[in-house]
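# Inside the fold
Residues per chain are reported as follows:
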Amino acid sequence: MNAPDRFEIFVLPEGVKKITVTPDTRLPNAATIQIQREDHTLGTLLKAALLRDKRVLFAGYKVPHPLEHYFVLKVQTTDETSPKQALREAIDSLVSDIAVLLGRFNDEVRRARDAASFQAAGPYHNTDF
């Protein structure tokens, strides 16, 4: 079969950098960022986080081929920041958003467990008559 081994999808080969930033020589404050062993999930999140920043003029990504496990992110910023700094801030923003989401999820799980344990106790559980 021509499919690569499954571990190749997420294991970074020895000597390969996770993130490579290459300044764009044709556009001011622009860079091409290659992120290894990631796919559309992270590409879409990063693009959306970058575009929330008013200093980012352009952000887009592509996955060159379905059997190659990396994506290419293009970023152009105003003079106020660099593409590398904008990416750092976008990653920090995503980490913060995910922490909030995890907290809300855990709160809802606790609430659902409490409701389930209350229902399991039956209608006569409350003895405060």
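Up top you'll find the structure we're talking about.
Notes on the structure follow. Everything numeric here is computed off the predicted structure, so don't read it as measured data.

What follows covers the pairing of strand S2 (residues 30–36). Burial runs high along S2: six of the seven residues are buried. The pairing of strand S1 (residues 19–23) with S2 spans five bridges and is antiparallel. Across the sheet, residue Thr-20 finds its bridge partner in S2, namely Gln-34. Counted between consecutive antiparallel strands, the loop separating S1 from S2 contains six residues, among which Asn-29 sits at a positive phi close to 50°. As paired strands, S2 and strand S4 (residues 70–77) are joined by seven bridges and run antiparallel to one another. Paired with Ala-31 across the bridge in S4 is Val-75.

As a further point, take the side chain of Thr-81. Considering the arrangement of structural elements, one finds Thr-81 in the loop between S4 and helix H2 (83–121). For Thr-81, a relative accessible area of 9% puts it in the buried group. The contacts of Thr-81, once residues within four sequence positions are left out, are Asn-29, Arg-55 and Ala-86.

Here a ring pair, both rings aromatic, is described through the centre-centre distance and the interplanar angle of the planes. The final tally for this structure, using the stated rule, is one aromatic pair. Between Tyr-61 and Phe-71 the ring centres are 5.8 Å apart and the planes differ by 75°, which places this aromatic pair in the edge-to-face class. Of this pair, Tyr-61 sits in strand S3 (residues 56–62) while Phe-71 sits in strand S4, placing them 10 residues apart in sequence. Judged by its relative accessible area of 0%, Phe-71 is buried.

Reading the values: rules and limits
- Residues numbered from 1 in each chain as written.
- Predicted model: local features only at pLDDT ≥ 70, side-chain atom pairs only at ≥ 80, totals over all residues.
- Heavy atoms only, no water.
- Buried < 20%, exposed > 50% of the residue type's maximum accessible area, 1.4 Å probe, protein only.
- Helix = DSSP H or I, 4+ residues; strand = E, 2+ residues; numbered from the N terminus.
- Pairing = 2+ DSSP bridges.
- Contact = heavy atoms within 4.5 Å.
- Phe/Tyr/Trp six-rings, centres within 6.5 Å; stacked < 30°, edge-to-face > 60°.

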